[in-house]
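The chain contents come next:
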Amino acid sequence: MFEVPTGPATRRAVLDGGYVMGLLGISVLCAYGLLAPDRLGLPLSPEPPTRLVGAITAERVDSSPRVPVTPTVEPAPHVPLKPNAVTGRSTRPETITPRPPRAELSRPIEMTRLVPDARPEAARPAPNVRPAPDPSAPERPRSTWSGAVSGKVQDQDGQPLAGVSVVAGGVETRLGEDGTFALTPPVDGSLIVKRPGYAKVIVEPTVLKGPLEIVMRPQVIKAAYLTYFGFGDRGIRGRVLDLIDRTELNAVVIDVKGDRGWIIYPTRVEQALAAGAQGPATLRDFDAMMADLKARGVYTVARIVTFKDNILATARPDLAILDTRTGKPWIDRENLAWVDPFREEVWAYNIAIAKEAIDRGFDEVQFDYVRFPTDGKLQAAKYARPVTRETRLPTIAAFLERARKELGARGAYVAADLFGYTAFNANDTDIGQRIEELAPHLDYICPMVYPSGYHVGIPGFRNPVQNAYAVVRESVRLIRTRAAHTPARVRPWLQDFKDYAFDRRIFGVSEIRGQIRGADEGGGSGWMLWNPRNDYTRAALREKGPLAAR
């Protein structure tokens, strides 16, 4: 049978057992001290900030860098120009538009009623470009915020960024000079952090134990324009996308509501459907086309022609500029009607279309023809109010202010196309455009600095097409100086089409490269190429590579 030891051996066993139990107790106390110090009454050490860096590559400019649900955590390192009125033809060369088939407007279409916003709507950011989940695999549960979120936004050098906005739950908060913020987002809503000249950062909900530290990276947009019909044409679209794949281009400006007032995709804005704005070349597969752009990392800009709207003016003469001679909608030299900029229902119509464009995934809304008309029988034009220098500018500024408030709260950038002469004129250029009053309501100022558009020259340069570099540089420099009191950036339209005002020269490689250099040296934040045929001079563009990210 088993024998039980007695005597000294028994006492030694007891001592050894007590020693082991003492060590075990000390281990348990140490574990509590490390993992749950509050249970032992020990002071808690502060959590290090969660560092989030917006990722941009040299080859692509991703329109909306996203922070994954579980972000990576790193220890944080401690002269008025004559004439003042714009005369002659429009500075926008007419878009080449094929004769469309007759639109079928009688078919039933599901409608959504447009009503004025009683309060800011929830932000609807661009669709996530991550691959769709496999339906057969369960989707990973979405995380949520645990409460208030605070943090700081800074540049790559660790300096706080001024002029930043944080959007959460349809509310836009503009940060101060120190770049800090503290807010309580909806528990399952994303944070959108944006600033002109920088790539947006989208922070997905997650449980945080410390402040956020968000690093924004510069974003220089270099875009080509695609017309209403050009985007739908596979050959034209493919040609421009090939340029984006192979050259320094990284963005595209697309006609969402073009020069005639047609909308490019199936719209759900009731007023647009009632007016017949559903265009004859409606793209039913537009969402798939946008998804392709996002997958390529292309920054997308929705061009919305605002007060030049033949469709709405014809369908709603009560909203149109009227001709005193006929009582019908007034028309310009292109035989196109305009709507009255004084009519706030026209404002709401264009803002509704812009909201829908953001819902479709556009990164930016760009308002064109956001002004009073310049050509045609202007003396026969009748408006809802007298048109004077005291009424024009406040009207255009008020429209942009409202648009910026409603669209910025959805996480999008807002831009406007301005005449190039606004750089030099101290007045409103007789169209309601003056830099100082419009810049506070814009993220990007987009002047049309085509040398051919300066038909009477600028100070020091009587023939702008012979001095394309200097004309663009001086225009951008002056606008940038006059908008310095705002975070707005200047991103000009450049000429990639034949001269029409001076010697009819072809704008080739040297003229286009000269304009690009002028935009860069004038302090511009990128540039956009305009060609009404969407046929761009490839040899003027640098091939993809490190230089393309400049």
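Residues numbered from 1 in each chain as written. Predicted model: local features only at pLDDT ≥ 70, side-chain atom pairs only at ≥ 80, totals over all residues. Heavy atoms only, no water.

**Remarks on the overall build of the chain**
Definition in use: Put simply, DSSP H or I for four residues or longer makes a helix, DSSP E for two residues or longer makes a strand, and each gets a number counted from the N terminus. Each residue gets one of three labels from its accessible area relative to the maximum for its type: buried under 20%, exposed over 50%, partly exposed in between, using a 1.4 Å probe on protein chains only. To be clear on the numbers: accessible area is Shrake-Rupley with a 1.4 Å probe, and residue cover counts the displayed protein chains and nothing else.
Each helix and strand counted, the chain has eleven helices and 20 strands in total. Within the chain, buried positions represent 53% of all 550 residues. Approximately 25,500 Å² of the chain is accessible, and the part contributed by carbon and sulfur atoms is 55%.

**Let's talk about the environment of L378**
Convention followed: Only heavy atoms matter for contacts: two residues are in contact if any of them lie within 4.5 Å across the pair.
Relative to the helices and strands, L378 resides in the loop between strand 14 (364-368) and strand 15 (381-382). Sequence-wise, L378 and D323 are 55 residues apart; in three dimensions their C-alpha atoms are separated by 9.2 Å. Ignoring anything within four residues of it in the chain, the contact list for L378 reads W330 and P373.

**Focus on the pairing of strand 11 (residues 251-257)**
Here is the rule we go by: Note: two strands are recorded as paired if DSSP finds a minimum of 2 bridges between them.
Buried residues dominate strand 11, accounting for seven of its seven residues. In the sheet, strand 11 pairs with strand 12 (residues 299-305) via six bridges, with the strands oriented parallel. Bridge pairing in strand 12 places V252 opposite T300.

**Regarding the pattern of salt bridges**
Quick note on the threshold: Any Lys or Arg side-chain nitrogen located within 4 Å of an Asp or Glu carboxyl oxygen qualifies as a salt bridge.
A full pass over the atoms with the stated rule returns 35 salt bridges. Of the charged contacts in the structure, one is a salt bridge between R434 and E437, with a shortest N-O distance of 2.9 Å. A relative accessible area of 22% places R434 in the partly exposed class. Looking at E437, the relative accessible area reads 31%, which means it is partly exposed. Put simply, E172, K194, R404 and D443 are held in one network by salt bridges that share partners.

**So, the nonpolar core**
The cut-off we apply is this: By nonpolar core we mean a set of buried residues, namely Ala, Val, Leu, Ile, Met, Phe, Trp, Tyr and Cys, connected to one another through side-chain atoms within 4.5 Å.
If you look at the biggest cluster of nonpolar residues, it comprises 118 residues, and the most contacted ones within it are F231, F307, F362, F367, L400, L407 and W493. Those residues within four positions of F367 in sequence are excluded, and the remaining contacts are I304, T306, N350, A354, F399, L400, A403, L407, V414, A415, A416 and D417. If you look at the next biggest cluster of nonpolar residues, it comprises 19 residues, including A168, L183, L191 and V193.

**Topic: the packing of helix 7 (residues 344-359) against helix 8 (residues 389-408)**
Just so we agree on the cut-off: What counts as an axis is a line fitted to C-alpha atoms, over the stretch in contact for a helix, and the angles between N-to-C directions run from 0 to 180 degrees. By the definition used in this description, the sense in which the near helix is turned from the far one sets the handedness, with an anticlockwise turn below a right angle giving left-handed and a clockwise turn giving right-handed. Each residue gets one label: Ala, Val, Leu, Ile, Met, Phe, Trp, Tyr, Cys and Pro are nonpolar, Asp, Glu, Lys and Arg are charged, and the others, such as Gly, are polar.
Look at helix 7 against helix 8: their axes get within 10 Å of each other, and the N-to-C directions meet at 35°. You can see that helix 7 and helix 8 cross each other, and the crossing is right-handed. Where helix 7 abuts helix 8, its residues E344, W347, A348, N350, I351, A354, K355 and I358 lie against T395, A398, F399, R402, A403, E406 and L407. Split into classes, the residues belonging to the contact of helix 7 with helix 8 amount to nine nonpolar, two polar and four charged.

**Details of the packing of aromatic side chains**
Applied cut-off: For Phe, Tyr and Trp, where Trp contributes only its six-membered ring, two rings pair if their centres lie within 6.5 Å, and the inter-plane angle classes them as stacked under 30 degrees, edge-to-face over 60, or tilted in between. By definition, being over a ring means that NZ of Lys or CZ of Arg is both within 6 Å of the ring centre and within 35 degrees of the ring normal.
On inspection of all chains with the given rule, the structure shows 21 aromatic pairs. Between F497 and Y500, the ring centres sit 6.3 Å apart and the planes meet at 10°, which makes this aromatic pair stacked. Among the residues examined, F497 registers a relative accessible area of 7% and is labelled buried. Across the ring face of Y265, the terminal group of R360 is positioned such that the distance to the ring centre comes to 4.4 Å.

**A closer look at the side chain of D363**
How we decide: Under the rule applied, a polar contact is a pair of N or O atoms within 3.5 Å (in protein, one hydrogen donor and one hydrogen acceptor; residues adjacent in sequence only if both atoms are side-chain atoms).
Structurally, D363 can be placed in the loop between helix 7 and strand 14. At 2.9 Å, the side chain of D363 forms a polar contact with the backbone nitrogen of T300.

**Details of the packing of helix 10 (residues 468-482) against helix 11 (residues 509-521)**
Angle between the axes and distance between the axes: these two values describe a pair of packed helices. Formally: Roughly parallel covers angles under 35 degrees, roughly antiparallel covers those over 145, roughly perpendicular covers 65 to 115, and oblique covers all other angles.
Packing of helix 10 against helix 11 brings their axes to within 7 Å, and their N-to-C directions diverge by 25°. Judged by the inter-axis angle, helix 10 sits roughly parallel to helix 11. Like other packed secondary-structure pairs, helix 10 and helix 11 cross with a definite hand, here right-handed. Contact residues: A468, Y469, V472, R473 and V476 in helix 10; E511, G514, Q515, R517, G518, A519 and E521 in helix 11. Looking at side-chain class alone, the contact of helix 10 with helix 11 contains five nonpolar, three polar and four charged residues.

**As for the confidence of the model for the chain**
Note the following rule: Each residue carries a pLDDT value, the predictor's own confidence for that position, ranging from 0 to 100.
Averaged over every residue, the pLDDT of the chain is 83; the share at 70 or more is 74%. With pLDDT under 50 throughout, residues 1-15 is counted as low confidence; its partners more than four residues away or in other chains account for one contact. Here residues 98-137 is modelled with pLDDT under 50, and outside its nearest four sequence neighbours on either side it reaches 57 contacts, counting other chains as well.

**Here's the deal with helix 3 (residues 234-246)**
Put simply, the rule is: Any helix carries an expected span of 1.5 Å times its number of residues minus one. Within this analysis, the arc is defined by the directions that extend from the helix axis to the C-beta atoms.
Its 13 residues place the ends of helix 3 18 Å apart at the C-alpha level, agreeing with the 18 Å of an ideal helix rising 1.5 Å per residue. For helix 3, the full list of buried residues reads R237, V240, L241, L243 and I244. For helix 3, the angular spread of buried residues about the axis comes to 150°, placing them on one side. On its buried side, helix 3 packs onto strand 10 (221-226), helix 2 (228-232), strand 11 and helix 5 (286-295). Of the residues that open helix 3, the one with a side-chain oxygen 3.0 Å from the backbone nitrogen of G235 is D233.

**Observations concerning helix 7**
Over its 16 residues, helix 7 runs 23 Å from end to end, which matches the ideal 22 Å to within 8%, given 1.5 Å per residue. By the criterion of burial, helix 7 is predominantly enclosed, with 13 of the 16 residues buried. Once helix 7 finishes, G361 follows within two positions and takes phi at roughly 115°, a positive value.

**Some remarks on the environment of N425**
Assignment of secondary structure puts N425 in the loop between strand 16 (413-419) and helix 9 (435-438). A relative accessible area of 1% means that N425 is categorised as buried. The spacing of N425 and I435 is ten residues in sequence and 9.4 Å in space, taken between C-alpha atoms.

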